[in-house]
Every structure is written in structure tokens, then in C-alpha cells.
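Each chain, written out:
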Amino acid sequence: MVRFEQITAPEHGVDAVAHRMRVLGAAWPERDGVAVFNRVYLAVTEEVDRRLDTGHFTDARAAITLDVRFAERYLAAVEAVANERRPPASWRPLFQFRRHPGVRPLQFALAGINAHIGHDLALAVVDTCRTLDCEPAELEDEFERVGDVLITLEERIREDLMPGPDLLQIADPLTHLLGAWSLERARDAAWSAARAVWALRGLPELAEEFVERLDTGVGLVGRCLLTPLACR
């Protein structure tokens with residue numbers, strides 16, 4: 001549901017959400033698909049925290065609020081599953097396929113990134129605007145800087161999790177499956193979606209319909225990314 005009431009400021013910062021991810025990761029098997037994404041996301045969160053310490057962000061308060069609101073969306077999906085409730089449609093494929101032997105670690109990582117960027121990021125921008133009483137345009141610089149961290153880590157993620165020597169990657173069906181998905185395009189789409197949801201805040205029924213269809217579409221992409229390829 002899209003909530004348009006006033007949202008209070010985060011009680012805890014980036015360190016707190018990173019700690020929650022570490023606790024979750026310690027409780028899951030290493031090969032678990034959600035655990036694979038959790039490790040990737042923890043690395044991103046730690047890098048954002050490091051850049052906050054070095055003054056990378058112009059508006060640290062906005063960057064922290066956006067980062068925490070963003071993480072809370074993922075953590076809420078985890079909590080929903082733990083409590084036997086349905087998570088957003090964008091997250092369901094990852095939770096459904098998390099133990100499938102034919103899905104590779106890179107697929108799990110990118111399916112999680114797809115859900116988090118494609119659905120959660122737009123809503124996190126809206127959450128942040130409500131928290132800070134500002135317009136999306138005022139967050140654009142920090143949005144781009146957080147996005148730069150994701151782009152920087154994407155190539156490393158692919159290199160770390162892509163199986164096999166380079167010569168074999170060309171013929172690997174995983175290469176073709178994942179070549180159709182782009183984090184940069186997903187980030188751009190998330191920004192457009194955030195602006196649209198914000199513009200529709202005075203029309204809650206229409207906003208709800210927009211977000212529901214966004215959620216469903218992102219979930220469909222995630223299901224494609226998790227196509228079982230081979231048991232390994």
C-alpha cells in the first residue's frame with residue numbers, strides 16, 4: 001500500500017540497518033538465494049556508509065534518510081515472509097526460488113537488485129520526501145550519488161558471481177539471460193516512477209493502482225531473471 005500520511009524521521013541510521021542485514025545473513029545458509037542478495041546489499045550499504053564518512057554526499061541528512069528508507073523496504077519484505085505474510089509481488093520470485101538448485105548465485109543477486117531498485121527505490125524516494133518535507137527534485141543529487149555506488153558495484157558483482165572462464169561465458173545461457181537487464185535503466189525508471197507517485201499523492205486510488213502495477217511488472221522481470229538454467 002502507498003501511504004501518504006506524514007512519516008517520521010528514521011530512528012536509526014545506516015549502521016543500524018547494516019547490522020540487521022548482518023544478523024539476517026548469519027542465520028541463512030550461504031547458498032540461500034535471499035542470503036546471496038543480502039550479502040550484495042550489505043556491501044552496498046557499507047560502501048554508502050563509508051562515503052558518508054568521507055563527505056561524498058552534499059546533503060548527508062537526505063542521503064542517510066534515503067538509504068535507511070530504502071533498506072527498510074527490503075527488511076519489511078523479509079519480515080513479512082518470516083511472519084508468513086505475502087511480501088510485495090516484486091519480491092515473491094526471489095523468496096519462492098531461494099532454494100532452487102537450478103538458479104545460480106548471480107541470478108539471485110540480480111533478482112534481488114531488480115526488486116529493490118525497480119519497486120522499492122521509487123517508494124523510498126517518496127518516503128524520504130515525506131520525512132524531510134521536500135520535493136523529489138531536492139533529492140536528485142543524493143539519489144544519483146547513491147545510484148553511483150550501485151553502478152560501481154554491479155560490475156564487481158557480475159565478476160564475482162559469474163561462473164566459469166571468460167571463454168565459456170560467451171556461450172553460457174546466463175550471459176544471454178542477464179544481458180537484457182540493466183541496473184542503470186532500472187535506476188532511471190525508478191526515478192521516473194518516484195516522480196509519478198509523488199505527483200499522484202493527491203489521488204491516492206490512482207497512485208495505489210500505479211504502484212500495484214509497478215510491483216507486478218517488476219515481479220515478472222524477477223521471475224524471468226530466476227529462470228532455472230542447470231543444477232550445479
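Structure first, text after, so check above.
Described in the following lines is the structure provided in the data block. Keep in mind that this is a model prediction, so the values were computed, not measured.

## Observations concerning the overall build of the protein chain
Turning to step 1, where the next piece is worked out: Within the protein chain, the regular secondary structure consists of ten helices and zero strands.
Turning to step 2, where the next piece is worked out: Listed N to C, the secondary structure of the protein chain is α-α-α-α-α-α-α-α-α-α in terms of helices and strands.
Turning to step 3, where the next piece is worked out: Here the protein chain holds 232 residues, and the buried ones make up 51% of them.
Turning to step 4, where the next piece is worked out: Expressed as a percentage of contacts within the protein chain between residues at least 6 apart in sequence, the contacts between residues at least 24 apart total 79%.
Turning to step 5, where the next piece is worked out: Accessible surface, the protein chain as shown: approximately 11500 Å² in total, 53% of it carbon and sulfur.

## Concerning helix 2 (residues 33-53)
The periodicity of an α-helix, 3.6 residues per turn, causes residues three or four places apart in sequence to face the same way.
Turning to step 1, where the next piece is worked out: With 21 residues, helix 2 should reach 30 Å at 1.5 Å per residue; the first-to-last C-alpha distance of 31 Å fits that figure.
Turning to step 2, where the next piece is worked out: Where helix 2 begins, the capping side chain belongs to Asp32, and its oxygen is found 2.8 Å from the backbone nitrogen of Val34.

## Quick notes on the packing of aromatic side chains
Turning to step 1, where the next piece is worked out: Summed over the entire model, instances satisfying the criterion amount to eight aromatic pairs.
Turning to step 2, where the next piece is worked out: Between Tyr41 and Phe70, the ring centres sit 6.0 Å apart and the planes meet at 70°, which makes this aromatic pair edge-to-face. Remark: Phe70 occurs in helix 3 (residues 60-82) and Tyr41 occurs in helix 2; sequence separation between them is 29 residues.
Turning to step 3, where the next piece is worked out: Assessed through its relative accessible area of 3%, Tyr41 is described here as buried.
Turning to step 4, where the next piece is worked out: In textbook terms, an aromatic cluster arises when at least three aromatic residues are bridged by ring pairs, as seen for Phe37, Tyr41, Phe70, Tyr74, Trp91 and Phe95.

## Quick notes on the side chain of Arg51
Turning to step 1, where the next piece is worked out: Along the chain, the position of Arg51 falls in helix 2.
Turning to step 2, where the next piece is worked out: Residue class for Arg51 comes out buried when judged on its relative accessible area of 14%.
Turning to step 3, where the next piece is worked out: In this structure, Arg51 is in contact with His56, Phe57, Val149 and Thr152, ignoring residues within four places of it in sequence.

## Concerning the nonpolar core
Turning to step 1, where the next piece is worked out: Residues Tyr41, Tyr74, Trp91, Ile113, Ile117 and Val125 are the most contacted members of the largest nonpolar core, which totals 69 residues.
Turning to step 2, where the next piece is worked out: If you list the elements that add at least two residues to this core, you get helix 1 (14-27), helix 2, helix 3, helix 4 (92-97), helix 5 (105-132), helix 6 (140-161), helix 9 (183-199) and helix 10 (204-225).
Turning to step 3, where the next piece is worked out: With 16 residues, helix 5 is the largest single contributor of residues to this core.
Turning to step 4, where the next piece is worked out: Those residues within four positions of Val125 in sequence are excluded, and the remaining contacts are Leu66, Pro136, Leu139, Phe143, Trp191 and Ala194.

## Quick notes on helix 9
Turning to step 1, where the next piece is worked out: Compared with an ideal rise of 1.5 Å per residue, which puts 17 residues at 24 Å, helix 9 spans 24 Å between its outermost C-alpha atoms and is within 8% of the ideal.
Turning to step 2, where the next piece is worked out: Where helix 9 starts, the residue carrying a side-chain oxygen 3.3 Å from the main-chain nitrogen of Glu184 turns out to be Ser182.

## A few points about the pattern of salt bridges
Turning to step 1, where the next piece is worked out: Summed over all chains, the structure comprises eleven salt bridges.
Turning to step 2, where the next piece is worked out: A salt bridge links Asp32 to Arg99; the nearest nitrogen and oxygen atoms lie 4.0 Å apart. Separated by 67 residues along the polypeptide, Asp32 in the loop between helix 1 and helix 2 and Arg99 in the loop between helix 4 and helix 5 bring together distant segments of the chain.
Turning to step 3, where the next piece is worked out: The closest approach of N and O atoms between Glu144 and Arg187, which form a salt bridge, is 3.5 Å. Within this pair, whereas Glu144 is found in helix 6, its partner Arg187 is found in helix 9, the two being separated by 43 residues in sequence.
Turning to step 4, where the next piece is worked out: Several salt bridges converge on common partners, so that one network encompasses Asp32, Arg98 and Arg99.

## Describing the environment of Trp191
Turning to step 1, where the next piece is worked out: Its location among the elements puts Trp191 in helix 9.
Turning to step 2, where the next piece is worked out: Since its relative accessible area comes to 10%, Trp191 is described here as buried.
Turning to step 3, where the next piece is worked out: Between the alpha carbons of Trp191 and Glu144 there is a distance of 9.5 Å; along the sequence they are 47 residues apart.
Turning to step 4, where the next piece is worked out: Excluding residues that lie within four positions of it along the chain, Trp191 makes contacts with Val125, Pro136, Ala137, Leu139, Glu140 and Phe143.

## Topic: unusual backbone geometry
Turning to step 1, where the next piece is worked out: Notably, Glu84 is not glycine yet its phi reads approximately 60°, a positive angle.
Turning to step 2, where the next piece is worked out: Tracing the sequence through the fold places Glu84 in the loop between helix 3 and helix 4.
Turning to step 3, where the next piece is worked out: Positive phi outside glycine occurs at Asp133, with the angle close to 55°.
Turning to step 4, where the next piece is worked out: Note that Asp133 resides in the loop between helix 5 and helix 6.
Turning to step 5, where the next piece is worked out: On the accessibility criterion, Asp133 (68% relative accessible area) is exposed.

How each quantity is defined
Residues numbered from 1 in each chain as written. Predicted model: local features only at pLDDT ≥ 70, side-chain atom pairs only at ≥ 80, totals over all residues. Heavy atoms only, no water. Helix = DSSP H or I, 4+ residues; strand = E, 2+ residues; numbered from the N terminus. Buried < 20%, exposed > 50% of the residue type's maximum accessible area, 1.4 Å probe, protein only. Contact = heavy atoms within 4.5 Å. Areas by Shrake-Rupley, 256 points an atom, 1.4 Å probe, with all protein chains shown as cover. Expected span 1.5 Å × (residues − 1). Polar contact = N/O pair within 3.5 Å; in protein donor to acceptor, adjacent residues only side chain to side chain. Phe/Tyr/Trp six-rings, centres within 6.5 Å; stacked < 30°, edge-to-face > 60°. Core = buried A, V, L, I, M, F, W, Y, C linked by side-chain atoms within 4.5 Å. Salt bridge = Lys/Arg side-chain N within 4 Å of Asp/Glu carboxyl O.

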